[in-house]
Amino acid sequence: MKLAVFTSRYPAQVATFFERDMRSLLEAGVEIDVFSIAPLDASLWKHSLSLLGPEQLPRDRVHHLGSSRASVVSSP
């Protein structure tokens, strides 16, 4: 099973619960892609727990939408 997970910011200074939840999904056989609304701040990877390191969740499975790719579409 594939699952897209949307979050406000990842990596983040504190993402303990998020990382544990994502690791549990991976261990259950779920293929996940994480979509962060905030742009990537690579300096925050140092706060990531080893239980969700690049060996468990390759960094190319973490996508950052940022302000240039995220937009709101309104109807007239």
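Preceding this section is the structure that the text describes.
Quantities reported herein were computed from a predicted structural model and do not represent experimental measurements. (Residues numbered from 1 in each chain as written. Predicted model: local features only at pLDDT ≥ 70, side-chain atom pairs only at ≥ 80, totals over all residues. Heavy atoms only, no water.)

Participant: What is the right way to look at the side chain of Thr7 in this model?
Facilitator: Checked against the element boundaries, Thr7 lands in strand S1 (residues 2-7). Once you skip the residues sitting within four places of it in the chain, Thr7 turns out to touch Phe18, Val34, Phe35, Ser36 and Ile37. (Helix = DSSP H or I, 4+ residues; strand = E, 2+ residues; numbered from the N terminus. Contact = heavy atoms within 4.5 Å.)

Participant: What am I meant to see in the pairing of S1 here?
Facilitator: Moving residue by residue along a regular strand, the side chains alternate between the two faces of the sheet. Bridge count between S1 and strand S2 (residues 31-36): six bridges; the pairing is parallel. Each bridged residue has a counterpart across the sheet, and for Val5 the counterpart in S2 is Val34. Crossover connection from S1 via helix H1 (residues 16-27) to parallel S2: handedness right-handed. (Pairing = 2+ DSSP bridges. Right-handed = clockwise from strand over helix to strand, strands pointing away.)

Participant: Would you explain the nonpolar core in this entry?
Facilitator: A general feature of soluble globular proteins is that nonpolar side chains tend to end up buried together. Core analysis: the biggest nonpolar cluster contains 13 residues, and Tyr10, Phe18, Met22, Ile32, Val34, Leu57 and Val62 have the highest contact counts within it. If you list the elements that add at least two residues to this core, you get H1 and S2. Setting aside its immediate chain neighbours within four residues, Val34 contacts Val5, Thr7, Tyr10, Phe18, Leu57, Arg61, Val62 and His63. (Core = buried A, V, L, I, M, F, W, Y, C linked by side-chain atoms within 4.5 Å. Buried < 20%, exposed > 50% of the residue type's maximum accessible area, 1.4 Å probe, protein only.)

Participant: What am I meant to see in the pattern of salt bridges here?
Facilitator: A side chain of one charge can pair with a side chain of the opposite charge if their charged atoms are brought near each other. This structure, assessed with the given rule, holds three salt bridges. Notably, a salt bridge pairs Glu27 with Arg23, separated by 3.0 Å at the nearest N-O pair. Taken as a pair, Glu27 and Arg23 lie in helix H1 at a separation of four residues, close to a single helical turn. Each of Glu31, Asp33 and Arg61 takes part in a single network of salt bridges with overlapping partners. (Salt bridge = Lys/Arg side-chain N within 4 Å of Asp/Glu carboxyl O.)

Participant: Help me out: how do you make sense of unusual backbone geometry in this one?
Facilitator: Comment: phi is negative for the bulk of residues other than glycine, and the bulk of peptide bonds are trans. The omega torsion across Tyr10 and Pro11 is 0 degrees, close enough to zero to call that bond cis. Along the chain, the position of Pro11 falls in the loop between S1 and H1.

Participant: I tried to follow the pairing of S2 on my own but got confused; where do I start?
Facilitator: Examined bridge by bridge, S2 and strand S3 (residues 62-64) share three bridges and lie parallel to one another. Bridged to Val34 within S3 is Val62.

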